[in-house]
Amino acid sequence: MWGRIVAEMLFYHLTRRRLEQVLPELLEKTLQRGWRAVVKGGSEERIAQLNSELWTYGRASFLPHGIRADGFSDRQPIYLTIEDERPNNAELLFLVDGADAADVSAYTRVCDLFDGNDEAAVQAARGRWKRAKDAGHQLTYWQQSEDTGGWVKKAEG
């Protein structure tokens with residue numbers, strides 16, 4: 001299911017900030033490195049919401065992105081979808097809202113962001129961690145600091 005070993009697989013346990021606050025920051029860092037990304041969500045409605053929010057999340061920021069309906073999928077630096085697709089040859093895959101991937105072998109890095117205030121989401125993320133570890137991937141688990149809201153490395157696998 002998880003394909004060959006990827007360079008890195010990071011699990012982000014969100015406890016203080018919502019996905020809509022964290023994802024744009026991670027996407028900005030992705031683009032600063034010259035990388036492309038796919039954001040895979042759990043539903044069309046959620047992808048539509050993220051698509052809209054990425055256009056307006058900050059006054060001084062711009063995240064070039066699109067969905068299939070926008071066309072030019074292969075040219076999108078950030079491509080949002082619910083499918084297992086990679087039309088933009090992205091190096092990074094962001095899994096959000098419990099989305100999973102059939103094969104991560106084409107990606108350099110996979111970031112799994114999950115809501116730490118939702119016990120079902122935490123349990124599902126534990127299942128994805130176990131499958132990834134059993135497949136031999138290099139894993140890192142990050143949790144938001146209760147004090148600063150920054151990221152603290154909690155585990156490696």
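Along each chain, the written sequence defines residue order, and numbers are assigned to residues from 1. Local features in this predicted model are restricted to residues whose pLDDT is 70 or higher, and side-chain atom pairs enter the listing and the counts only when it is 80 or higher, whereas totals over whole chains, interfaces and linings include all residues. Based on all heavy atoms of the structure, the side-chain values leave hydrogens and waters out of the count.

(A) Molecular detail of the sheet that holds strand β4 (residues 92-96). Sheet architecture is open: 7 strands sit in the order β3-β2-β4-β5-β1-β6-β7, paired in mixed fashion. Looking at which strands have only one partner, the edges of the open sheet turn out to be β3 (78-81) and β7 (151-156). Across the sheet, the mean angle separating the axes of adjacent strands is 20° when strand polarity is ignored. What makes two strands pair is DSSP finding at least two bridges between them. In this text, helices come from DSSP runs of H or I with a minimum length of four residues, and strands from runs of E with a minimum of two, each type numbered from the N-terminal end. As judged from the 5 bridges shared by strand β1 (residues 8-14) and strand β6 (residues 139-144), these two strands associate in the parallel manner. Among the inter-strand pairings, Phe11 is bridged to a residue of β6, identified as Tyr141. Axis definition: a line fitted to C-alpha atoms, limited for helices to the stretch in contact. Angles are taken between N-to-C directions and run from 0 to 180 degrees.

(B) Quick look at the packing of aromatic side chains. Stacked, tilted and edge-to-face are the three classes assigned to paired rings of Phe, Tyr and Trp, where Trp is represented by its six-membered ring and a pair needs centres within 6.5 Å; plane angles under 30 degrees give stacked, over 60 edge-to-face, the rest tilted. The full count for this structure, using the stated rule, is 3 aromatic pairs. Summarising the aromatic geometry, the rings of Tyr12 and Trp151 are spaced 4.8 Å apart at their centres and angled 75° between planes, so their arrangement reads as edge-to-face. In this pair, Tyr12 is assigned in strand β1 and Trp151 in strand β7, connecting sequence segments 139 residues apart. Among the residues examined, Trp151 registers a relative accessible area of 27% and is labelled partly exposed. Among the aromatic residues, those joined into a ring-pair cluster are Phe11, Trp129 and Tyr141. In this scheme, the term charge over a ring applies when either NZ of a lysine or CZ of an arginine sits within 6 Å of the ring centre and within 35 degrees of the ring normal. Over the ring of Tyr107 we find Arg86; its NZ or CZ atom is 5.6 Å from the centre of that ring. Relative accessibility thresholds used throughout: buried, under 20% of the residue-type maximum; exposed, over 50%; partly exposed, between the two (1.4 Å probe, protein chains only).

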